[in-house]
Amino acid sequence: MKNLFDISGKVAVVTGGSRGIGAMIARGFVENGVKTYITARKEAELRETEAALSVLGDCTALPSDLSSIAGVAGFADAIRAQEEKVHILVNNAGATWGASIDEFPESGWDKTMDLNVKSLFFLTQHLLPALRAAGTDEDPARVINIGSINGITHPRMNNYAYSASKAAVHQLTRHLGADLAPQHINVNAIAPGFFPSKMTAHLLDHEAELGAAFPRGRLGDAEDAAGTAIYLCSRASAWLTGQTIALDGGAVAFAG
C-alpha cells in the first residue's frame, strides 16, 4: 500500500487552470509527475501560469473559450490531437453573477449556467473516448467536477444562478458517476468552501476574520485543494464515485 497516492505518469486536463483553485490543482498535479494541460479564456494570464508551472514539471497551456459548444468542441479536438489517453479531467472553469432577485438579469443567469453546467457536461462528453482509453478496472480514469458549498447550503449572497448551477453540478456528478463507472471512469466532485481567488478577492481584506468563522479557523489553501484532487485521482479512491466532497473547513457541518 505504499503507492496509494501516486499519480505520476498520468495525463490531466484542468479547465479554468490559470488561477484560483484550478491553478492550485494544476500545480499539485505537475509537482507530482502528471503531464498537465491547462486552459482558460485569457491567454496572457494562462501563459503566466504555464511558465510558472513548467519550472516544476510538464505543463502545457491551450487557450480556449468554453462558454459555447463550439469552444468546447475546439478545445476537446486540441487535446485529442495531443493525447490518445486522458487519465484526469478537472472541470473547474466557472462564472458567477450577483444581483438582487428583483434585478437579476437573464444574461447573467445564462452565462453562469452555460459555463458552470452545460460546458462541463459537453466537455466530459467530448473527451469520453480519451477517458475510456485511459481507464482500467484497477485504476479508472477520473473526472473531478468543481462544485461549491453554495450548492449545498444557503450562500448568504444574491448569487442565485451560481448556487443553482453548483447544485446541478453535484447532481450531475451523482448521475455521471453511476453511469460511467462500468466504463472505468470515476466521476466525483469537490465542493470548495472559501479559498482565496479572483472571485473572492473583494473579501480578502478581512481574511483573518473570515477564516475565524470556519470551524478549522482558516481559509482553504493550495495544499488543501491539490491534496483532495490528488486523492480523487489516485489508487486510494479507485472505489469512490458519484460523490461530492465538501472541502470547506467544516462550514457545511457548522451550518447544520
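Per chain, residues are indexed from 1 in the order of the written sequence. Per-residue local features are limited, in this predicted model, to residues with pLDDT of at least 70; the limit for side-chain atom pairs, both in listing and counting, is 80 or more; totals at the level of whole chains, interfaces and linings are taken over all residues. The side-chain numbers reported here are obtained from all heavy atoms of the structure, hydrogens and water having been left aside.

### With respect to the pattern of salt bridges
Inference 1: Only one rule defines a salt bridge in this text: a Lys or Arg side-chain nitrogen within 4 Å of an Asp or Glu carboxyl oxygen. Tallied over the full model, the rule gives ten salt bridges.
Inference 2: With a closest N to O distance of 3.2 Å, Asp-139 and Lys-10 form a salt bridge. Here Asp-139, found in the loop between α5 (128-134) and β5 (141-146), pairs with Lys-10, found in the segment before β1 (11-15); they are 129 residues apart in sequence, far enough to count as distant.
Inference 3: A salt bridge links Arg-142 to Asp-139; the nearest nitrogen and oxygen atoms lie 2.8 Å apart.
Inference 4: Judged by its relative accessible area of 25%, Asp-139 falls in the partly exposed class.
Inference 5: Through salt bridges with shared partners, a single network forms among Lys-10, Asp-139 and Arg-142. Segments assigned H or I by DSSP are reported as helices when at least four residues long, segments assigned E as strands when at least two residues long, and all are numbered from the N terminus. The cut-offs for exposure are 20% and 50% of the maximum accessible area for each residue type, with area from a 1.4 Å probe on protein chains only; residues under the lower value are buried, those over the upper are exposed, and the others partly exposed.

### Some words on unusual backbone geometry
Excluding glycine, most residues fall at negative phi; most peptide bonds, likewise, are trans.
Inference 1: Phi at Arg-156 takes a positive value of approximately 60°, unusual for a residue other than glycine.
Inference 2: Note that Arg-156 resides in the loop between β5 and α6 (160-180).
Inference 3: Although it is not a glycine, His-184 sits at a positive phi angle of roughly 65°.
Inference 4: Positionally, His-184 belongs in the loop between α6 and β6 (185-192).
Inference 5: Owing to a relative accessible area of 29%, His-184 belongs among the partly exposed residues under this scheme.

### A look at helix α1 (residues 20-31)
Inference 1: Here a helix's expected span is defined as the number of its residues, less one, multiplied by 1.5 Å. Along its twelve residues, α1 runs 17 Å from first to last C-alpha, staying within 8% of the 16 Å computed at 1.5 Å per residue.
Inference 2: Most of α1 sits out of view: ten of its twelve residues are buried.
Inference 3: Looking one or two places after α1, you find Gly-33, whose phi comes out positive at around 85°.

### What to know about the packing of aromatic side chains
Inference 1: Aromatic rings from Phe, Tyr and Trp, with only the six-membered ring used for Trp, were paired whenever their centres fell within 6.5 Å, and each pair was classed as stacked if the ring planes differed by under 30 degrees, edge-to-face if by over 60, and tilted otherwise. This structure, assessed with the given rule, holds four aromatic pairs.
Inference 2: Both rings, one in Phe-5 and one in Tyr-231, keep their centres 6.4 Å apart while their planes meet at 40°; by these two values the pair is tilted. Separated by 226 residues along the polypeptide, Phe-5 in the segment before β1 and Tyr-231 in helix α8 (residues 222-233) bring together distant segments of the chain.
Inference 3: With a relative accessible area of 27%, Tyr-231 lands in the partly exposed category.
Inference 4: Note on Phe-104 and Tyr-160: the rings are 6.0 Å apart at their centroids and 75° apart in plane angle, and the pair reads as edge-to-face. A residue pair is termed long-range when its members are at least 10 positions apart, and Phe-104 in the loop between β4 (88-91) and α4 (106-126) and Tyr-160 in helix α6 qualify at 56 residues.
Inference 5: Judged by its relative accessible area of 17%, Phe-104 falls in the buried class.
Inference 6: Since its relative accessible area comes to 34%, Tyr-160 is described here as partly exposed.

### Notes on the packing of α1 against α8
Inference 1: Close contact between α1 and α8 brings their axes to 8 Å; oriented N to C, the two are set at 60°. Overall, the two elements α1 and α8 adopt an arrangement that is oblique. The two elements α1 and α8 cross, and the hand of that crossing is right-handed. Where α1 abuts α8, its residues Ile-21, Met-24, Ile-25, Gly-28 and Phe-29 lie against Ala-222, Ala-225, Ala-226, Ala-229, Ile-230 and Cys-233. Whenever a helix is involved, its axis is fitted only over the stretch in contact; in every case the axis is a line through C-alpha atoms, and angles between N-to-C directions fall within 0 to 180 degrees. Oblique is the label for any angle not under 35 degrees, not over 145, and not in the 65 to 115 range, which are roughly parallel, roughly antiparallel and roughly perpendicular in turn. By definition, turning the near helix anticlockwise from the far helix through less than a right angle yields a left-handed crossing, and turning it clockwise yields a right-handed one. The contact criterion used throughout is that any non-hydrogen atoms of two residues lie within 4.5 Å.

### Describing the side chain of Asn-91
Inference 1: With respect to the helices and strands, Asn-91 occurs in strand β4.
Inference 2: Residue Asn-91 is classed as buried on the basis of its relative accessible area, which comes to 4%.
Inference 3: Here the side chain of Asn-91 touches Asn-145 through a polar contact of 2.9 Å, side chain to side chain.
Inference 4: Leave out the neighbours within four places in its chain, and Asn-91 touches Thr-15, Leu-120, Leu-123, Thr-124, Val-143, Ile-144, Asn-145 and Ile-146. In protein, a polar contact requires one atom able to donate a hydrogen and another able to accept it; more generally it is a pair of N or O atoms within 3.5 Å, and residues adjacent in sequence count only if both atoms are side-chain atoms.

### Structural notes on the confidence of the model for the protein chain
Inference 1: Residue-level confidence of the predictor, termed pLDDT, takes values from 0 up to 100. Across the protein chain, the average pLDDT comes to 94, with 95% of residues at 70 or higher.
Inference 2: Ranking the elements of the protein chain by mean pLDDT puts helix α7 (residues 207-212) last with 66 and β4 first with 99.

### Some remarks on the sheet that holds strand β3 (residues 59-61)
Inference 1: Here the rule is simple: two strands pair whenever DSSP picks up at least two bridges between them. Reading across from one edge, β3-β2-β1-β4-β5-β6-β7 is the order of the seven strands in this open sheet, with parallel pairing throughout. With partners counted over all chains shown, the strands left at the sheet margins are β3 and β7 (244-247), one partner each. Within the sheet, the average angular offset between the axes of one strand and its neighbour, ignoring direction, is 20°.
Inference 2: With four bridges connecting them, β6 and β7 associate as parallel partners. Residue pairing in the sheet places Ala-189 in a bridge with Thr-244 of β7.
Inference 3: Strand contacts of helix α2 (residues 43-54): β2 (35-39) and β3, with the helix running at about 170° to β3, the strand carrying the most contacts.

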